[in-house]
Amino acid sequence: MKHILHLKSSIQGATSHSLKLGNAIIEKVQDKYPGSTLEELDLVAIKIPHLTPEVLRAMFIPTDQLTEEEKSAISLSDELVKQLFAADIIVIGAPLINFTIHSALKAWIDHITRAGITFGYDENGPVGKVTGKKVYVAMSSGGVYAEGPGKANDFVAPYLKAFLGFLGMTDLTVFRADGLKVPGVKEHAMEKAINSIKID
Ligand SMILES: Cc1cc2nc3c(=O)[nH]c(=O)nc-3n(C[C@H](O)[C@H](O)[C@H](O)COP(=O)(O)O)c2cc1C
């Protein structure tokens, strides 16, 4: 039995392909781990804010010295970090928007990146502190980026692998629904993506 966190960041509502792919991943995770619990967070629906100077400042103040105002500024970040640590498996819906992730997903990353809490440094360099997690990324894109000419612009999967790895989430698998706008590819793209799901 696992605790699954599903992060969504599509701006296309119920027609979202990353949502459909994410849900298919979750179904297979639940088949493998019956009785798993699921927590869902739609980062677009909650209108996750960008980092502000107030939040950033509060991130670097020791907890016992925070004023009520600073505590309030940092409360969303604290909550998101707690939610992340509580999850065993994280499913991230990552629609491709203008060659990168949606800014709501980027804002989530900015809120959960906390010096001394989710990462630190020792004499050998950076140390990720969000360890022991399995991450599945449900990517969706109009074009094809895993191979062919689009590969030069394949920024989403490498970025998520690199940055979440920096935070300690090194066990990350990407499933792609790609070519969703490409005639001849789009007709089978979702089916192919769902069939590619393997839960290890
Ligand atoms: C504002 C916007 C920008 C997009 N930019 C790209 C892009 O740069 N490359 C691409 O292949 N597809 C792009 N697309 C297509 C999306 O990747 C595609 O619609 C995908 O299904 C989005 O995921 P979703 O269905 O979960 O929302 C874009 C779509 C939108 C709405």
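Check the entry above for the structure.
All of these numbers come straight from a predicted model, not from anything done at the bench.

Cut-offs used in this document
Residues numbered from 1 in each chain as written. Predicted model: local features only at pLDDT ≥ 70, side-chain atom pairs only at ≥ 80, totals over all residues. Heavy atoms only, no water. Helix = DSSP H or I, 4+ residues; strand = E, 2+ residues; numbered from the N terminus. Rg over C-alpha atoms; globule rule 2.2 N^0.38 Å. Buried < 20%, exposed > 50% of the residue type's maximum accessible area, 1.4 Å probe, protein only. Contact = heavy atoms within 4.5 Å. Areas by Shrake-Rupley, 256 points an atom, 1.4 Å probe, with all protein chains shown as cover. Near = heavy atom within 4 Å. Polar contact = N/O pair within 3.5 Å; in protein donor to acceptor, adjacent residues only side chain to side chain. 1 Å grid on protein atoms, 1.4 Å probe; cavity = no way out; pocket = protein on both sides within 12 Å on 5 of 7 lines; lining within 4 Å. Sits in = over half its atoms within 2 Å of the grid points. Nonpolar A, V, L, I, M, F, W, Y, C, P; charged D, E, K, R; others polar. Phe/Tyr/Trp six-rings, centres within 6.5 Å; stacked < 30°, edge-to-face > 60°. Salt bridge = Lys/Arg side-chain N within 4 Å of Asp/Glu carboxyl O.

**Some words on the overall build of the protein chain**
Helix and strand counts for the protein chain stand at six helices and seven strands. Each helix and strand of the protein chain, ordered N terminal to C terminal, gives the series β-α-β-α-α-β-α-β-β-β-α-β-α. In terms of overall size, the protein chain behaves like a compact globule, its C-alpha atoms giving a radius of gyration of 18 Å where 200 residues would be expected to give roughly 16 Å. Each principal axis of the C-alpha distribution contributes one length, and for the protein chain these read about 60 × 40 × 35 Å. Of all 200 residues assigned to the protein chain, the portion counted as buried reaches 44%. In the protein chain, once contacts between residues fewer than 6 apart in sequence are set aside, the share between residues at least 24 apart is 78%. Counting only carbon and sulfur atoms, one obtains 55% of the accessible surface of the protein chain, whose full area is about 10,400 Å².

**Remarks on the site of the ligand**
Residues in close proximity to the ligand total 17 residues, the closest being S10, S16, S18, L96 and S140. Residue G143 places a main-chain N or O atom 2.7 Å away from an oxygen atom belonging to the ligand. With the chains in place, 80% of the 620 Å² that the ligand exposes on its own is no longer accessible. Most atoms of the ligand, that is more than half of them, are within 2 Å of grid points of the largest pocket. When its residues are assigned to classes, the shell around the ligand shows six nonpolar, ten polar and one charged.

**As for the packing of aromatic side chains**
Throughout the structure, instances matching the rule amount to seven aromatic pairs. Centroid distance F99 to F155: 6.2 Å. Interplanar angle 55°. Geometry classified as tilted. Of this pair, F99 sits in the loop between strand 3 (89–95) and helix 4 (103–112) while F155 sits in the loop between strand 6 (134–140) and helix 5 (156–166), and the two are 56 residues apart along the sequence. When the ring of Y159 is compared with that of F163, the centres are 6.2 Å apart and the planes differ by 20°; the resulting orientation is stacked. Note that Y159 and F163 are positioned in helix 5 at a spacing of four residues, about one turn of the helix. The class for Y159 is partly exposed, based on a relative accessible area of 26%. Members of the aromatic cluster, each reached through a chain of ring pairs, are F119, Y121, Y159, F163 and F166.

**Notes on the pattern of salt bridges**
Summed over the entire model, instances satisfying the criterion amount to seven salt bridges. One salt bridge in this structure joins R176 and D154, with 2.9 Å as the shortest N-O distance. Residue R176 is found in strand 7 (residues 172–177), and its partner D154 is found in the loop between strand 6 and helix 5; the two are separated by 22 residues along the sequence. Salt bridges linked by common partners bring K134, D171 and D200 together as one network.

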